[in-house]
Amino acid sequence: DLSADFSRIFQQSEVDKIPTVLSRPTPFIPSVVRAGASTLRVVMLILVNRSGGGESVRIIDSSGNPQFDDIIVRDVKEAWLFTPAVKRGKRVRCLVQQATRVNWTGTRSPFEL
C-alpha cells in the first residue's frame, strides 16, 4: 500500500519509472543577462510532483550568473512539464538532477538539455 508514501519524496533509483521532460519552452534571456556569454549552463535538483510539474528547484552547480540561474529556475517551475515518476503503478514525487545549457553560438535552438 503506497497511501502512506504520497507525501514521501523518492529518489530516481527508488521508482519504477523516472520523470522525463515533456515540455520545456525556450526561455527569454535578455542580452543584459547574457552579458556577452556564448554559453551558460546550470545544474539543478528538481522536485517533480505527481502531476509532472517542477514543484521546487535548487541550484547545485551555478552558471556563475545569478540572473540567468533565476530565470531558468523560474522557467522550470512555471513552464516545464515532466512525466511523473511512477512507483508500483502510482504517481509519486521524485527528485531529478537536470543540467541545462543555453548556447548562443549558431545552433538552431539556443536551449539544450
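Up top is the structure.
Computed from a prediction, not measured in an experiment: that's the story for all the values here.

Colleague: Please give an account of the overall build of the protein chain that cites residues and values.
Modeller: Each helix and strand counted, the protein chain has two helices and eight strands in total. Going from the N terminus to the C terminus, the protein chain shows its helices and strands as β-β-α-β-β-α-β-β-β-β. Within the span of the protein chain, comprising 113 residues, buried residues form 41% of the whole. For the protein chain, restricting intrachain contacts to residue pairs at least 6 apart in sequence, the fraction spanning at least 24 positions comes to 72%. In the structure as shown, the protein chain presents an accessible area of about 6,400 Å², 46% of it carried by carbon and sulfur atoms.

Colleague: Before we move on, could you go through the side chain of Asp69 and cite the residues and values that matter?
Modeller: Among the structural elements, Asp69 can be located in helix 2 (residues 66-79). In this structure Asp69 is buried but unpaired, with Arg41 as the nearest side chain of opposite charge at 10 Å. A polar contact of 2.7 Å, which involves the side chain of Asp69, links it to the side chain of Ser63. Excluding its chain neighbours within four sequence positions, the residues that come into contact with Asp69 are Val42, Ile59, Ser62, Ser63 and Gly64.

Conventions adopted
- Residues numbered from 1 in each chain as written.
- Predicted model: local features only at pLDDT ≥ 70, side-chain atom pairs only at ≥ 80, totals over all residues.
- Heavy atoms only, no water.
- Helix = DSSP H or I, 4+ residues; strand = E, 2+ residues; numbered from the N terminus.
- Buried < 20%, exposed > 50% of the residue type's maximum accessible area, 1.4 Å probe, protein only.
- Contact = heavy atoms within 4.5 Å.
- Areas by Shrake-Rupley, 256 points an atom, 1.4 Å probe, with all protein chains shown as cover.
- Lys, Arg positive; Asp, Glu negative; His and termini not counted.
- Salt bridge = Lys/Arg side-chain N within 4 Å of Asp/Glu carboxyl O.
- Polar contact = N/O pair within 3.5 Å; in protein donor to acceptor, adjacent residues only side chain to side chain.

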